[in-house]
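# Structural features, examined
Residue strings, one per chain:
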Amino acid sequence: MNNALDLARKAFKLDEVPVGAIIAYEGKIIGRGFNKVIIDNDVSSHAEINAIKDASKQIENFRLNDCTMYVTLEPCHMCAKAIVDARLKSLVFAAHEPKTGSINSIDNFLDKDFLNHKVKYKSGLLADESSILLKEFFALKR
């Protein structure tokens, strides 16, 4: 999660919402991403999507079986569906997102029976650090 926080700090410096994500396989980072919505002029350029793209290129496979994503903020529905479709084994997120978080906050998306792949998940790892970074960012915007 520390690596994901470093990526979130990079996003902060680029004036993007500070969210970072990494994907690990067998103890090694195979994918990295941070929010680049403004830079890319792309609403889908969330940290999670960017990490999935990077990992898929690294292993030359769109399936990320047996991989774990670490992300600094609870994923939205778009990212949660991408996590399922990429067949990630597990998800660890730091802070909850009370407005758009689809894992626990406004929905329990990963627990839906209709999904064709189940992703294990947990939250809270370095949540305070992630929350502080996000609060600092949005305080500068007000």
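Attention here is on the structure that accompanies the text. (Residues numbered from 1 in each chain as written. Predicted model: local features only at pLDDT ≥ 70, side-chain atom pairs only at ≥ 80, totals over all residues. Heavy atoms only, no water.)

### Re the packing of aromatic side chains
Given two aromatic rings, one states the distance between the centres and the angle between the planes to describe the pair. If you walk through the whole model with that rule in mind, you get 3 aromatic pairs. Between Phe12 and Phe137, the aromatic rings sit 5.5 Å apart at their centres with planes inclined by 70°, giving edge-to-face as the arrangement. Taken together, the residues Phe12 in helix α1 (residues 2-13) and Phe137 in helix α5 (residues 127-141) connect sequence positions 125 residues apart. Plain terms: the ring middles of Phe137 and Phe138 are 5.1 Å apart, the flat faces sit at 85° to each other, and that makes the pair edge-to-face. Accessibility expressed as a relative area gives 33% for Phe138, which makes it partly exposed. (Phe/Tyr/Trp six-rings, centres within 6.5 Å; stacked < 30°, edge-to-face > 60°. Helix = DSSP H or I, 4+ residues; strand = E, 2+ residues; numbered from the N terminus. Buried < 20%, exposed > 50% of the residue type's maximum accessible area, 1.4 Å probe, protein only.)

### Thoughts on the sheet that holds strand β5 (residues 120-123)
Read from one edge to the other, the open sheet built from 5 strands follows the order β2-β1-β3-β4-β5, with strand pairing classed as mixed. With partners counted over all chains shown, the strands left at the sheet margins are β2 (28-34) and β5, one partner each. Neighbour-to-neighbour, the strand axes of the sheet open up by a mean angle of 15°, direction not taken into account. Pairing of strand β1 (residues 20-25) with strand β3 (residues 68-73), which is carried by 4 bridges, proceeds in the antiparallel orientation. The partner of Ile23 across the bridge, within β3, is Met69. (Pairing = 2+ DSSP bridges. Axes fitted to C-alpha atoms, helices over the stretch in contact; angles between N-to-C directions.)

### Here's the deal with the nonpolar core
Ranked by internal contacts, the top residues of the largest apolar core, which has 31 residues, are Ile23, Ile52, Leu64, Met69, Leu88 and Leu91. Excluding residues that lie within four positions of it along the chain, Ile23 makes contacts with Lys28, Ile29, Ile30, Gly31, Ala51, Ile52, Ala55, Leu64, Cys67, Thr68, Met69 and Leu88. The next biggest cluster of nonpolar side chains, apart from the first, holds 9 residues, and it includes Met1, Ala4, Ala11 and Phe34. (Core = buried A, V, L, I, M, F, W, Y, C linked by side-chain atoms within 4.5 Å. Contact = heavy atoms within 4.5 Å.)

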